[in-house]
Number of protein chains: 2
Amino acid sequence: MLNDLNYKRRAQVLRALGHPSRLAMVEALLQGEKCVCDLHDLVGSDMSTVSKHLSVLRNAGLVDDRKEGLKVYYRLRVPCVAKFFECVDEVLGMGSGQR
Amino acid sequence: MLNDLNYKRRAQVLRALGHPSRLAMVEALLQGEKCVCDLHDLVGSDMSTVSKHLSVLRNAGLVDDRKEGLKVYYRLRVPCVAKFFECVDEVLGMGSGQR
DNA sequence: TGGTTATTTGGCTATACTGCCAACAATATG
DNA sequence: CATATTGTTGGCAGTATAGCCAAATAACCA
């Protein structure tokens with residue numbers, strides 16, 4: 001298939017966004033840097049789970065982190081994902097077409 | 001967590017895009033309707049696999065289908081996904097941050 | 001140093017996804 | 001009707017993902 005590696009990388013980025021908790025975290029990060037503890041409060045699952053979700057986002061290239069004292073702050077690397085939310089909601093707004 | 005169902009639905013849409021073959025198919029569909037056979041030629045995997053990928057996209061609300069004679073034609077329901085490709089490539093363009 | 005807080009990592013089980021094959025359904029054509 | 005063509009569905013084996021706990025790391029403070 002045409003340029004397989006490129007599609008794999010792109011898919012990795014989108015798959016990283018394909019989880020409710022990670023989506024919620026990314027949306028929160030649109031407003032600015034958050035520490036893991038903030039995101040932990042947001043999504044409610046175990047801290048270790050949150051940490052693993054964040055590493056999925058990091059490996060996909062979507063976020064970056066920075067340590068300050070005990071806390072680790074994550075930030076979005078790419079503002080354009082904001083548009084994803086609008087478009088995804090447009091998809092959902094038409095009725096999902098589920099069969 | 002805040003409005004769990006909404007995040008689940010959104011995640012479903014993004015996860016549907018999170019596969020190399022499905023991405024390639026969606027990109028092809030940006031140029032217009034294609035039959036399953038066209039997409040089969042494009043991605044190269046078994047027809048049944050292609051069909052299942054298409055049903056993932058359909059269940060996510062991303063595509064619609066139409067039967068004409070023996071052939072089934074799929075089309076994108078939402079043009080805005082075109083922008084996803086630009087943004088995703090922007091993510092990749094910065095170096096993926098893989099650790 | 002010893003203790004506390006914030007986060008990551010390892011390991012495990014449960015669940016979901018992928019991709020192939022075989023079987024089935026629907027439509028066209030001889 | 002028999003047969004070919006186009007897709008879909010069921011089922012299975014292999015792989016990946018999710019989420020929890022426990023243990024490890026790192027930075028801070030007494």
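Please refer to the structure higher up on the page.
One structure accompanies this document, and this report is about it. (Residues numbered from 1 in each chain as written. Chains lettered and ligands numbered in written order. Predicted model: local features only at pLDDT ≥ 70, side-chain atom pairs only at ≥ 80, totals over all residues. Heavy atoms only, no water.)

1. Focus: helix 3 (residues 36–43) of chain A
All names here are of chain A.
Working step 1: Those residues of helix 3 not exposed but buried are V36, L39, L42 and V43. Seen from one end, helix 3 has its buried residues packed into an arc of 115°, which puts them on one side.
Working step 2: Contacts from the buried residues of helix 3 go to helix 2 (20–29), strand 1 (34–35), helix 4 (47–59) and strand 3 (71–76).
Working step 3: Where helix 3 terminates, the next one or two residues include G44, which has phi positive at roughly 85°. (Buried < 20%, exposed > 50% of the residue type's maximum accessible area, 1.4 Å probe, protein only. Helix = DSSP H or I, 4+ residues; strand = E, 2+ residues; numbered from the N terminus. Arc of directions from axis to C-beta. Contact = heavy atoms within 4.5 Å.)

2. Comments concerning the interface of chain B and chain A
Working step 1: Tallying the contact residues gives 45 residues for chain B and 45 residues for chain A.
Working step 2: Taken together, both faces of the contact between chain B and chain A bury some 4,300 Å²; the carbon and sulfur share is 66%.
Working step 3: A salt bridge links B:R10 to A:D89; the shortest N-O distance between them is 3.0 Å.
Working step 4: Put simply, chain B and chain A have eight residue pairs in polar contact (both at pLDDT 80 or more) between them.
Working step 5: Within the residue set of the side of chain B that touches chain A, elements represented by two or more residues are helix 1 (4–16), helix 2 (20–29), helix 3 (36–43), helix 4 (47–59) and helix 5 (82–93) of chain B.
Working step 6: A per-element tally of the side of chain B that touches chain A places helix 1 of chain B first, with nine residues.
Working step 7: Residue composition of the side of chain B that touches chain A, grouped by class: 24 nonpolar, ten polar and eleven charged. (Buried area = accessible area lost by both parts, 1.4 Å probe. Salt bridge = Lys/Arg side-chain N within 4 Å of Asp/Glu carboxyl O. Polar contact = N/O pair within 3.5 Å; in protein donor to acceptor, adjacent residues only side chain to side chain. Nonpolar A, V, L, I, M, F, W, Y, C, P; charged D, E, K, R; others polar.)

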